[in-house]
Amino acid sequence: MDPTRAFVKDVRRIIIKVGTAVVTRTDGRLALGRLGALCEQVKELISQGFEVILVTSGAVGVGRQRLRYRRLLNSSFADLQKPQLELDGKACAAAGQSGLMALYDCLFSQLDVTSSELLVTDSDFKNPDFRMQLSQTVNSLLDLRVIPIFNENDAISTRKAPYEDSSGIFWDNDSLAALLALELKADLLVLLSDVEGLYSAPPGEPHSKIIHTYIKERHQGEITFGDKSRVGRGGMTAKVKAAVYAASAGTPVVITSGFATDSIVKVLQGERIGTLFHQDAHLWELPKEVGAREMAVSARECSRRLQSISSEDRRKILLDIADALEANEKLIRIENEADVAAAQQTGYEKSLISRLTLKPGKILSLSKSIRILAEMDDPIGHVLKRTELADGLVLEKTSSPLGVILIVFESRPDALVQIASLAVRSGNGLLLKGGKEAMRSNAILHKVITGAIPDTVGEKLIGLVTSRDEIPDLLKLDDVIDLVIPRGSNKLVAQIKDSTKIPVLGHADGICHVYIDKSADMDMAKCIVLDAKIDYPAACNAMETLLIHKDLLNSEVLNDLMVELKHEGVTLYGGPRASIEFNIPRAHSFHHEYNSMACTIEIVDDVHAAIDHIHRHGSAHTDCIVAKNLDVAETFLHQVDSAAVFHNASTRFCDGARFGLGAEVGISTSRIHARGPVGVEGLLTTRWILRGSGQVVDGDKEG
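Report on the accompanying structure.

Definitions and cut-offs
- Residues numbered from 1 in each chain as written.
- Predicted model: local features only at pLDDT ≥ 70, side-chain atom pairs only at ≥ 80, totals over all residues.
- Heavy atoms only, no water.
- Helix = DSSP H or I, 4+ residues; strand = E, 2+ residues; numbered from the N terminus.
- Buried < 20%, exposed > 50% of the residue type's maximum accessible area, 1.4 Å probe, protein only.
- Contact = heavy atoms within 4.5 Å.
- Core = buried A, V, L, I, M, F, W, Y, C linked by side-chain atoms within 4.5 Å.
- Polar contact = N/O pair within 3.5 Å; in protein donor to acceptor, adjacent residues only side chain to side chain.
- Expected span 1.5 Å × (residues − 1).
- Salt bridge = Lys/Arg side-chain N within 4 Å of Asp/Glu carboxyl O.

## Topic: the environment of Leu422
1) Next: Considering the arrangement of structural elements, one finds Leu422 in helix H16 (residues 413–426).
2) Next: Owing to a relative accessible area of 0%, Leu422 belongs among the buried residues under this scheme.
3) Next: Separated by 241 residues in sequence, Leu422 and Ala663 have C-alpha atoms that sit 6.9 Å apart.
4) Next: Leu422 has contacts with Leu373, Ala663, Glu664, Val665, Val678, Gly679, Val680 and Leu683, leaving out every residue within four places of it along the chain.

Here it is as structure tokens:
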């Protein structure tokens, strides 16, 4: 738990305010997915013993959508040619409130939760008797485990219009939520927004960064607010005013994303998400935060110093890192075992725990690969091409580091070691973000590795990002980060690709195929298939689909292979043909990466059918043919459009170390820059060096 969020352990009553931007989509219709996720979180909180009160916006937006549709149905063609007057806000509120509450009631009913509706106006709170009765009613509802859902009754409000006039005791649903937090003695107020929290500037701006703990004295004059909400009344400005008001009166407030499916639960688990407002925040000694931009800039500065030292000095850094890893092996193993134990207790999947575990001998193996890397030719400054453009004018194309690389990886602490050593060898700065399940392993490995980097270069060459919250900030920094390499689940890779302008290198799936041709040596095929599947099922280069030539059906050796796979514990699924032939369950999809002791089998007519299957269902990672017929094998090797294509060899060979690269940052299925296992060369770009002796263009029309 983050120390600044320790107060959540005493929280029992929570008020959640849901804004119009969360309730509705950009087209004005209700965001059913977000509302469903919200209701599921509320259900979970109630089951944990929390008292939950909702304050919701959205009635005006829902009503506007309804009334526009009704007006359209009742309009003649001539009416539609006339300018359309804006609908009355109070009428929209009246028409939309019932629909909004009906939806909440429907969603909560599916979760066996009862909700209730309480509409209030500004003038109601001027009456002390009303305030007392309100508190009694809410307490009765909460005792019955019923969720009170508040909204301002815009239809009969004395305000001029729902989106105007900010006078009174409260002036929008944000300030209503703050008022209710005090009236109803809430322990926490959560204001849901369409962004992750309060930023120092509009979130889309490059230098904007999230503020995790708001301190009025420090931040009030520093924040630049953007436009108001696209649909609500005040946007972030209104939320901050409400949060400051409630927090100063003693109720902690967190502004966080209403688009995330688990943000409220994470707040109550003490995670450092969103922006916290607390009356004692100014007294806290907050740790000095190194921002995402500062980390990236420091890494670039250190990388330039690394490039300026001699090749021998860079080589010595790698050797020192290898020695340091071996010297600290016992400490590394202790921290890794703690991560593994925590992961097992949490109930993580076996495939993740397998990737997380540093098996005996792994540190020695990693150190050996680093020493191999150190003995390779220095990749920096190689002259790739030299051209004499004119007498005394020589142009050279040379290899050069990319600059600063961000690696986001899950589970595998050994990836940190490989990536860090490649960064040093290639002269690049590096930012690393590992999964929380490997937090202790990553921390000790980072400490050992950076401890071996001399002060002349600087330990900030390799930065370790410890908070997931910093990732969105890092992905905005396309001016100081040159490449992002995600290593993890399909979801992780897709999220990163959708969230950044920085070039992304990596693969989303590892759907590797082995095709057994009718000409195959079946003993060889059996060895290759078993190795490709069971050697390390969680690896991205493990076989996920086995394709079999139709002529091999009913052969004894094929039956032996099926029996052996099952004996080793592999669960078999079949395509339309194989499921019938082998009497095995039907695979729900050919495009599926198991990462476990399971695989899909299908029957194909010939090598061309196998190639077509791979192109339609594969991920362009690694595919293999087992065949004696060299013509068939060459057809497969030349026509399969994957990053790595093998003949008579296990897909598990698709690995940087086995390719002689020393190490790898990952395996790329991209077609630009680098493809396949990415070693040192994949982390380099080129520069042009022109050496002259006073030449000038001087009116050269062709230049």
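## Some thoughts on the nonpolar core
1) Next: Core analysis: the largest hydrophobic core is formed by 50 residues, its most contacted members being Leu325, Leu430, Leu432 and Ile462.
2) Next: Setting aside residues no more than four positions away along its own chain, Leu430 makes contact with Ala299, Ile405, Ile407, Ile419, Ala420, Ala423, Leu461, Ile462 and Gly463.
3) Next: If you look at the next biggest cluster of nonpolar residues, it comprises 38 residues, including Ile53, Ala177, Leu191 and Val195.

## Concerning the side chain of Ser298
1) Next: Assignment of secondary structure puts Ser298 in helix H11 (residues 292–308).
2) Next: Among the polar contacts listed, one links the side chain of Ser298 to the backbone oxygen of Glu294, at a separation of 2.9 Å.

## Details of helix H2 (residues 32–47)
1) Next: Relative to the 22 Å expected for 16 residues at 1.5 Å per residue, H2 spans 23 Å between its end C-alpha atoms, a close match to the ideal helical length.
2) Next: Every buried residue belonging to H2 is among Leu35, Gly36, Ala37, Leu38, Cys39, Gln41, Val42, Leu45 and Ile46, and all of these are buried.
3) Next: One or two positions beyond H2, positive phi appears at Gly49, with a value near 100°.

## Digging into unusual backbone geometry
1) Next: Residues other than glycine seldom take positive phi values, yet Arg145 does so here, at roughly 60°.
2) Next: Tracing the chain through its elements places Arg145 in the loop between helix H6 (128–143) and strand E4 (146–152).
3) Next: Residue classification places Arg145 among the exposed residues on the basis of a relative accessible area of 51%.
4) Next: Here Asn595, not a glycine, exhibits a phi torsion of approximately 55°, which is positive.

## A word on the pattern of salt bridges
Pairs can form between side chains of opposite charge whenever their charged atoms are close.
1) Next: Using the criterion set out here, one finds 27 salt bridges in the structure.
2) Next: Between Arg371 and Asp323 there is a salt bridge, with the nearest N and O atoms lying 2.8 Å from each other. Of the two residues, Arg371 sits in helix H15 (residues 362–375) while Asp323 sits in helix H12 (residues 311–327), which places them 48 residues apart along the sequence.
3) Next: By relative accessible area, Arg371 is classed as partly exposed at 25%.
4) Next: Residue class for Asp323 comes out partly exposed when judged on its relative accessible area of 40%.
5) Next: With a shortest N-O distance of 3.0 Å, Arg412 and Asp414 are connected by a salt bridge.
6) Next: Classification of Asp414 as buried rests on a relative accessible area of 5%.

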